[in-house]
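# Overview (structure and organization)
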Amino acid sequence: ITVFQKMERKYQDKPYRFFSKENEFAGKTRNFAAEKALGEYIMFVDSDNIVCPDMIEKFVYGIQHSGCDCLSSYMHYFHGELTLEQSEVSEGIYSPTGPALELAMFHNCVGDVNIIVKREAFLASGGFGTERYGYEDWRYLIKLSLLGYRLDVIPICLYYYRVLPNSVN
């Protein structure tokens, strides 16, 4: 809350909007934020992931030129603490394949929550599940594919994924 309030004060003269609400599960909160979004695209980032400096540029370029409704990407993964300046600490690369639905039933091959999605597609698909048992990103990307939206994976690492004891990748 302190960080949120500090950022709200720091950027009060900028064209940013800050919303606060009751603390709820990630899926419900992300849906809330998406409903408030004004742009053509929505990007989601987990708070413990570290984005590469060119992630936004590459996601926007990719979705504008691919004909897709949603894109995920490869990711570096690491355990523990890491800053972008320590990016050589990456322990490996996770490379999702995209919407191979038969495989996606058993293994997350579609990607993490770090995605770009057309706002129209996100809202029309009903957004993330709001249940409290996790895997909302994996389930959302499968649902989006089942509904006929086009998904793909940018085959380069655009962020660093922090592996936690309950991580699914």
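Relevant structure appears above.
Anyway, here's the lowdown on the structure attached to this text. Please read these numbers as outputs of a predicted model, since none were measured by experiment.

Helix and strand content of the chain: six helices and six strands. Shown N-terminal to C-terminal, the secondary structure of the chain runs as helices and strands in the order α-α-β-β-α-β-β-α-β-α-α-β. A compact globule built from 169 residues would reach a C-alpha radius of gyration of about 15 Å, and the chain, at 16 Å, matches this within 12%. Along the first, second and third principal axes, the C-alpha set of the chain runs to 45 × 40 × 35 Å. The burial tally for the chain puts 38% of its 169 residues in the buried class.

A separate point is the packing of aromatic side chains. Under the counting rule described, the total for this entry stands at eight aromatic pairs. When the centroid spacing of 5.6 Å and the interplanar angle of 80° are considered together, the rings of Phe 4 and Phe 18 count as edge-to-face. One end of the pair, Phe 4, is in helix H1 (residues 2-10); the other, Phe 18, is in the loop between H1 and helix H2 (26-36), and 14 residues separate them in sequence. Residue Phe 4 is classed as partly exposed on the basis of its relative accessible area of 31%.

The tally for this structure, following the rule as stated, stands at seven salt bridges. Glu 24 serves as the salt-bridge partner of Lys 21, at 2.4 Å between the closest nitrogen and oxygen. Assessed through its relative accessible area of 30%, Lys 21 is described here as partly exposed. A residue is classified by how much of its surface remains accessible, and Glu 24, at 21% relative accessible area, is partly exposed. Note that Lys 28 and Glu 24 form a salt bridge whose closest N and O atoms lie 3.2 Å from each other. Its relative accessible area of 40% is what places Lys 28 among the partly exposed residues. Where salt bridges share partners, they join Lys 21, Glu 24 and Lys 28 into one cluster.

Let us look at H2. What H2 keeps buried is the set Gly 27, Arg 30, Asn 31 and Ala 34. Looking straight down H2, one finds its buried side chains confined to an arc of 100°; they lie on one side.

Burial of strand S1 (residues 41-44) is one-sided: the residues Ile 42 and Phe 44 facing one way are buried, the residues Tyr 41 and Met 43 facing the other way are not. Relative to strand S5 (residues 115-118), S1 is paired through four bridges, and the arrangement is antiparallel. Looking across to S5, one finds that Ile 42 is bridged to Val 117.

This next bit is on the environment of Phe 19. By the secondary structure assignment, Phe 19 is in the loop between H1 and H2. Between the C-alpha atom of Phe 19 and that of Ala 33, which follows or precedes it by 14 residues, the distance is 8.2 Å.

Core analysis: the largest hydrophobic core is formed by 20 residues, its most contacted members being Phe 44, Val 117, Phe 122 and Tyr 140. Going through the elements one at a time, S1, S5, helix H5 (119-124) and helix H6 (136-146) are the ones with two or more residues in this core. Looking at this core element by element, the count peaks at five residues for H6. Leaving out residues up to four positions away in the same chain, Phe 44 has contacts with Arg 30, Ala 34, Val 113, Asn 114, Ile 115, Val 117, Phe 122 and Phe 128. Counting residues in each nonpolar core, the second largest holds 13 residues, with Met 55, Met 75, Ile 154 and Val 163 among its members.

So, about the side chain of Arg 162. With respect to the helices and strands, the residue Arg 162 is situated in strand S6 (residues 151-163). Of the polar contacts made by the side chain of Arg 162, one reaches the backbone oxygen of Asp 48; its length is 3.2 Å.

Parameters at a glance
Residues numbered from 1 in each chain as written. Predicted model: local features only at pLDDT ≥ 70, side-chain atom pairs only at ≥ 80, totals over all residues. Heavy atoms only, no water. Helix = DSSP H or I, 4+ residues; strand = E, 2+ residues; numbered from the N terminus. Rg over C-alpha atoms; globule rule 2.2 N^0.38 Å. Buried < 20%, exposed > 50% of the residue type's maximum accessible area, 1.4 Å probe, protein only. Phe/Tyr/Trp six-rings, centres within 6.5 Å; stacked < 30°, edge-to-face > 60°. Salt bridge = Lys/Arg side-chain N within 4 Å of Asp/Glu carboxyl O. Arc of directions from axis to C-beta. Pairing = 2+ DSSP bridges. Core = buried A, V, L, I, M, F, W, Y, C linked by side-chain atoms within 4.5 Å. Contact = heavy atoms within 4.5 Å. Polar contact = N/O pair within 3.5 Å; in protein donor to acceptor, adjacent residues only side chain to side chain.

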